[in-house]
Amino acid sequence: MEASRTSVDVAIVGAGFAGMYMLHRARQAGLSAQVFERGAGVGGTWFWNRYPGARCDVPSLEYSYQFSEELQQDWNWSEKYATQPEILRYAEHVADRFDLRRNISFNTTVKSLQWQDDSWLVTTVQTAEAAASTTVARFVVLATGCLSSANKPTFRDDHLFAGHTYHTGAWPHDGVDFTGQRVAVIGTGSSGIQAIPLIAQQAKHLTVLQRTPAYSIPARNQQLAPEYIADIKANYPGFRRKNSLTRAALGGDTPTGPHGACEVNDDDRYAALEARWQKGGLLFLGAFNDALTNPESNRLIADFVRDKIRHTVSDQRTAAALTPDSIIGCKRLCVDTGYYDTFNLPNVSLVDLRRCPIERFTTGGIVVGEDEHPVDSIVFATGFDAMTGAIAKITITGRDGMTLHDAWSAGPVNYLGLSVHGFPNLFTITGPGSPSVLTNMIVSIEHHVEWIADCVSWLGNQGRRSIEATADAQDRWVQHVNSVAGMTLYQSCSSWYLGANVPGKPRVFMPLPGFPAYAQRCADVARENYRGFVLD
Ligand SMILES: Cc1cc2nc3c(=O)[nH]c(=O)nc-3n(C[C@H](O)[C@H](O)[C@H](O)COP(=O)(O)OP(=O)(O)OC[C@H]3O[C@@H](n4cnc5c(N)ncnc54)[C@H](O)[C@@H]3O)c2cc1C
């Protein structure tokens, strides 16, 4: 039953960092805008992921908006890598500071989008109500998040389990006390690696069920010294500029090394890797400039980390199980605090699912091979249906009745990672086909928001009502993304970048490596009056 119908220039789906800034920027452009958010508050990722240990792995001074000099001067981050509560406080501060909440409908899920008579009909449902509402919007921006659709695998007899289950991406707001409990964590990607050391401190026993070992680099997290913060703030725009000129739009102060890993002798290679290991964090891979293009260089770098694991973990069977044999960096590199040391604790055990997969759940545990592991709680740290999962949950019908589901049946296709042929006036933020999850995402978010806002303003100034990617521009863009990805080692493993963690999802490498070249390409397209788009 349809309850009401309102009309706006721009409908925005999602109130994470992307949706919040899109709203602000749309308002600045003189457009009316409304955000629809499934959750009860702002912050997106940082609203939902409240598991113990959740924090950013891009330094806080970079993992924050740069669009307002006043904001970046006023806000003080306490740690090198801020915790989830601190990042959520920041998102709430931004919402208050820019008076965003008055145009955000919380607890409201966008169910469908339908292109009709030069506008989008946006159908929403409120959590507690059955009645649907429709909003008419000239433009729709999908700020639905790349990592916002939880991936929860099913197991035989999982309905029988009588204990508690949790997903790291939908963590209870009041927290969970595991004291005295036997806990299982399924999954050892970024979230699992952050949560495991802290759950181990509380639980009576922690069983970690690992399908694929990850490479993890120590965070070396620390409180930020006031002098360091002052130093950055003295030239924050310069700091930001330097970062956005790097491939991943982060770490401009620690540039990628000038050599390939095979081009230096063993001692120099060890020294360079050890220096990055001691510094900690994602920039470890930047010690050499060919980590993700030259298999032999990659092997040498991976060997260094494999040695670290062997030297950290006392029990060599456990160490072997924790040691990856894949390309380092092919799956997203993890950043940890005490992850490998955790496996030296007497109350922690590792189950290697590569040797034997989970067979079934019982009322009181998990059966793997011959063994039943008795547990009171199970934590699914099984990640997300990345990049397209949240979009796929919305029924999107474009021009001539074409659905996005059909358009993307063989994997996502689009132009510039921003716009899909057949779906006029619909934009995606940090979607597939853009650098997105391979970057500091706030940089990519701000870049997309500004491009979209400029585009909508330009259309208005030109007296145009709609913009749509041509089929030809889209085809060429897809080829471009594939050829750039094909020059790297990213396609050599079953990662979530490829959709390989979700059964049945088409395997397509979704993000586009290299932020600066991409940003230049987007700027060129705009300057050339939106080349590759049809304007109406
Ligand atoms: C644990 C964790 C740590 C991370 N750390 C980093 C980091 O250190 N650095 C980095 O660059 N990135 C990191 N990321 C990636 C992170 O997702 C982005 O940095 C950023 O927060 C994404 O913002 P967003 O607004 O695009 O999406 P999100 O924050 O995911 O927000 C999207 C919002 O859309 C809402 N939504 C989705 N579908 C609908 C619908 N149909 N109707 C209504 N609402 C909907 C969701 O509820 C959600 O609130 C991390 C991700 C996770 C999960």
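Keep in mind the model is a prediction, meaning the values are calculated, not measured.

**What about the overall build of the protein?**
Thought 1: The helix and strand inventory of the protein stands at 16 helices and 20 strands.
Thought 2: Relative to a compact globule of 536 residues, whose C-alpha radius of gyration would be 24 Å, the protein shows 23 Å and is just as compact.
Thought 3: Seen along its three principal axes, the alpha-carbon backbone of the protein occupies a region of about 70 × 55 × 45 Å.
Thought 4: For the protein, with 536 residues in total, the buried portion stands at 48%.

**Observations concerning the packing of helix H1 (residues 17-28) against helix H14 (residues 441-461)**
Thought 1: Contact pair H1 / H14: the axes reach a minimum separation of 9 Å and the direction vectors enclose 30 degrees. In the packing of H1 onto H14, the handedness of the crossing is right-handed. Contact residues: H1 offers Phe17, Ala18, Tyr21, Met22, Arg25 and Ala26, while H14 offers Ile442, Ile445, Glu446, Val449, Glu450 and Ala453.
Thought 2: Per-class residue counts for the contact of H1 with H14 are nine nonpolar, no polar and three charged.

**Details of the pairing of strand S9 (residues 205-210)**
Thought 1: Where strand S8 (residues 182-186) meets S9, five bridges bridge the pair, whose relative direction is parallel. Bridge pairing links alanine 184 to threonine 207 in S9.
Thought 2: As defined by bridge partners, S9 adjoins strand S12 (residues 348-352) across five bridges and the pair is classed as parallel. Within S12, the residue paired with threonine 207 across the bridge is serine 349.

**Structural notes on helix H9 (residues 295-312)**
Helical geometry note: an α-helix holds 3.6 residues per turn, so side chains three or four residues apart project in the same direction.
Thought 1: For H9, built from 18 residues, the straight-helix expectation of 26 Å at 1.5 Å per residue is met to within 8% by its first-to-last C-alpha distance of 26 Å.
Thought 2: When H9 is considered as a whole, its buried residues turn out to be Ser297, Asn298, Leu300, Ile301, Ala302, Phe304, Arg306 and Ile309.
Thought 3: Elements that come into contact with the buried residues of H9 comprise helix H8 (266-279), helix H10 (316-322) and helix H11 (339-342).

**Focus on the site of the ligand**
Thought 1: Close contacts around the ligand come from 37 residues, with Gly14, Gly16, Gly44, Cys56 and Gly145 the closest.
Thought 2: Contributing elements (two or more residues each) for the shell around the ligand: H1, helix H2 (45-48), strand S4 (108-116) and H14.
Thought 3: Here the shell around the ligand takes three residues from H1, the largest share from any one element.
Thought 4: Considered class by class, the residues forming the shell around the ligand number 19 nonpolar, 14 polar and four charged.

**Considering the environment of serine 105**
Thought 1: When you line up the elements, serine 105 lands in strand S3 (residues 104-105).
Thought 2: Spatially, the C-alpha atom of serine 105 lies 6.1 Å from that of glutamate 37, the residues being 68 residues apart in sequence.

**With respect to the environment of glutamate 528**
Thought 1: Position of glutamate 528 relative to the elements: it lies in the loop between helix H16 (515-527) and strand S20 (533-535).
Thought 2: For the pair glutamate 528 and isoleucine 366, spaced 162 residues apart in sequence, the C-alpha separation works out to 59 Å.

**With respect to the nonpolar core**
The tendency in soluble globular proteins is for nonpolar side chains to be buried as a group.
Thought 1: Counting residues in hydrophobic clusters, the biggest one holds 157 residues, and the most contacted among them are Val141 and Val185.
Thought 2: Top element by residues in this core is H14. It accounts for ten residues.
Thought 3: Summarising the domain contributions, this core has at least three residues from each of domain 1 (2-149 + 385-530) and domain 2 (182-237 + 244-380).
Thought 4: Apart from residues lying up to four places away in sequence, valine 185 is in contact with Gly192, Ala195, Ile196, Ile199, Leu206, Val208, Leu209, Val379 and Ala381.

**A short note on the domain arrangement of the protein**
Thought 1: Along its sequence, the protein is carved into domain 1 (2-149 + 385-530) and domain 2 (182-237 + 244-380).
Thought 2: Of note, the centres of domain 1 and domain 2, computed from C-alpha atoms alone, are 28 Å apart.
Thought 3: Facing 34 residues of domain 1, the contacting portion of domain 2 comprises 32 residues.
Thought 4: For the side of domain 1 that touches domain 2, the secondary-structure elements that each account for two or more residues are helix H3 (69-74), H14 and H16.
Thought 5: A per-element tally of the side of domain 1 that touches domain 2 places H3 first, with three residues.
Thought 6: Residues belonging to the side of domain 1 that touches domain 2 are distributed by class as follows: 16 nonpolar, twelve polar and six charged.

Definitions and cut-offs
Residues numbered from 1 in each chain as written. Predicted model: local features only at pLDDT ≥ 70, side-chain atom pairs only at ≥ 80, totals over all residues. Helix = DSSP H or I, 4+ residues; strand = E, 2+ residues; numbered from the N terminus. Rg over C-alpha atoms; globule rule 2.2 N^0.38 Å. Buried ≥ 20, exposed ≤ 12 C-beta atoms within 10 Å, placed from the backbone. Axes fitted to C-alpha atoms, helices over the stretch in contact; angles between N-to-C directions. Left-handed = near helix turned anticlockwise from the far one by under 90°. Contact = placed C-beta atoms within 7 Å. Nonpolar A, V, L, I, M, F, W, Y, C, P; charged D, E, K, R; others polar. Pairing = 2+ DSSP bridges. Expected span 1.5 Å × (residues − 1). Near = placed C-beta within 6 Å. Core = buried A, V, L, I, M, F, W, Y, C linked by C-beta atoms within 7 Å. Domains from an automatic or database assignment.

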